[in-house]
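Listed here are the chains, written in short residue letters.
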Amino acid sequence: MRMLEALAAAGEPMSISAIAELIGVDQPRASRLVQQAELMGFVAREVDPQDARRMRVALTDQGRAVATSMRRDRRDRIGVALEQFTAEERADFARLFTMFATAWANR
C-alpha cells in the first residue's frame, strides 16, 4: 500500500530503484512488491523514454483508485479521532505534531 501511495504522490512513473528508496525497502523487495501489484492490476510497467533498457512503474486507473480510497479513509479516520479533542487540544496536537515532523525531517 505504501508503494501505491508513493506512486500516487509522485504523479509520474518511477523506477523500481526510486520506489525502493522512497518506501524504505531494498530493491529486490521493491521488485517483488511491483510484481504483486502488477498481478493485482494496480500498476503497469512501461519502457523508460529516457533509456529503453530500463522500465518504469506506473499506476493503473485501478491502482490510482485504490490509493485515493486509502488516502480518503485515512483522512476520515483522523478526522473522527480529532473530533474527540477540544479546540485547545487540537491546537496543542498540531503544534506538537509540527515539531515532531520537523525533527523527523531533519534526522
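Residues numbered from 1 in each chain as written. Predicted model: local features only at pLDDT ≥ 70, side-chain atom pairs only at ≥ 80, totals over all residues. Heavy atoms only, no water.

Caption draft 1: Structural view of helix 2 (residues 16-23). Within the span of helix 2, buried status applies to I16, I19, A20 and I23. The buried residues of helix 2 all sit within an arc of 100 degrees when viewed along its axis, so they share a single face. Exposed and facing more than 90 degrees away from the buried side of helix 2 are E21 and L22. Its buried side turned inward, helix 2 meets helix 1 (2-10), helix 3 (27-39), strand 1 (43-48) and strand 2 (51-59). Of the residues one or two after helix 2, G24 is the one with positive phi, at around 75 degrees. (Buried < 20%, exposed > 50% of the residue type's maximum accessible area, 1.4 Å probe, protein only. Helix = DSSP H or I, 4+ residues; strand = E, 2+ residues; numbered from the N terminus. Arc of directions from axis to C-beta. Contact = heavy atoms within 4.5 Å.)

Caption draft 2: Spatial organisation of the packing of helix 1 against helix 2. With their axes 10 Å apart at the nearest point, helix 1 and helix 2 run at an angle of 110 degrees to one another. By the angle between their axes, helix 1 is roughly perpendicular relative to helix 2. Across from R2, M3, A6 and L7 in helix 1, the residues of helix 2 making contact are I19, L22 and I23. The residue makeup of the contact of helix 1 with helix 2, split by class, is 6 nonpolar, no polar and 1 charged. (Axes fitted to C-alpha atoms, helices over the stretch in contact; angles between N-to-C directions. Parallel < 35°, antiparallel > 145°, perpendicular 65-115°, else oblique. Nonpolar A, V, L, I, M, F, W, Y, C, P; charged D, E, K, R; others polar.)

Caption draft 3: A look at the packing of aromatic side chains. Enumeration according to the criterion identifies 4 aromatic pairs in this entry. The interplanar angle of 90 degrees and the centroid separation of 5.9 Å between the aromatic rings of F85 and F93 together place this pair among those described as edge-to-face. On the basis of relative accessibility, which here comes to 39%, the residue F93 falls in the partly exposed class. Ring centres 5.8 Å apart and planes at 20 degrees place the aromatic pair F93 and F97 in the stacked group. Here F93 and its partner F97 are both found in helix 5 (residues 87-105), 4 residues apart, which amounts to about one turn of the helix. A residue is classified by how much of its surface remains accessible, and F97, at 48% relative accessible area, is partly exposed. (Phe/Tyr/Trp six-rings, centres within 6.5 Å; stacked < 30°, edge-to-face > 60°.)

Caption draft 4: Molecular detail of the confidence of the model for the protein. Looking at the protein as a whole, the pLDDT averages 94, with 100% of positions reaching at least 70. When mean pLDDT is taken per element in the protein, helix 3 scores highest with 96 and strand 2 scores lowest with 91. (pLDDT = per-residue confidence, 0-100.)

Caption draft 5: Structural view of the pattern of salt bridges. Going through the model one piece at a time under the given rule, you end up with 7 salt bridges. In this structure, R54 and D48 form a salt bridge, with 4.0 Å as the shortest nitrogen-oxygen distance. Judged by its relative accessible area of 40%, R54 falls in the partly exposed class. For D48, a relative accessible area of 10% corresponds to the buried category. (Salt bridge = Lys/Arg side-chain N within 4 Å of Asp/Glu carboxyl O.)

Caption draft 6: Spatial organisation of a nonpolar patch on the surface. A contiguous nonpolar surface patch, about 540 Å² in accessible area, is contributed by F85, F93, F97, F100 and W104. Position of F100 among the secondary structure elements: in helix 5. (Patch = residues over 30% accessible without salt bridge, like charges linked within 9 Å, V, L, I, M, F, W, Y side chains within 5 Å. Areas by Shrake-Rupley, 256 points an atom, 1.4 Å probe, with all protein chains shown as cover.)

Caption draft 7: Representation of the nonpolar core within the structure. M3, L4, L7, I19, V34, V43 and V57 are the most contacted members of the largest nonpolar core, which has 19 residues in total. If we skip the residues at most four places from it in the chain, V34 touches M3, I16, I19, V43, R45 and V57. (Core = buried A, V, L, I, M, F, W, Y, C linked by side-chain atoms within 4.5 Å.)

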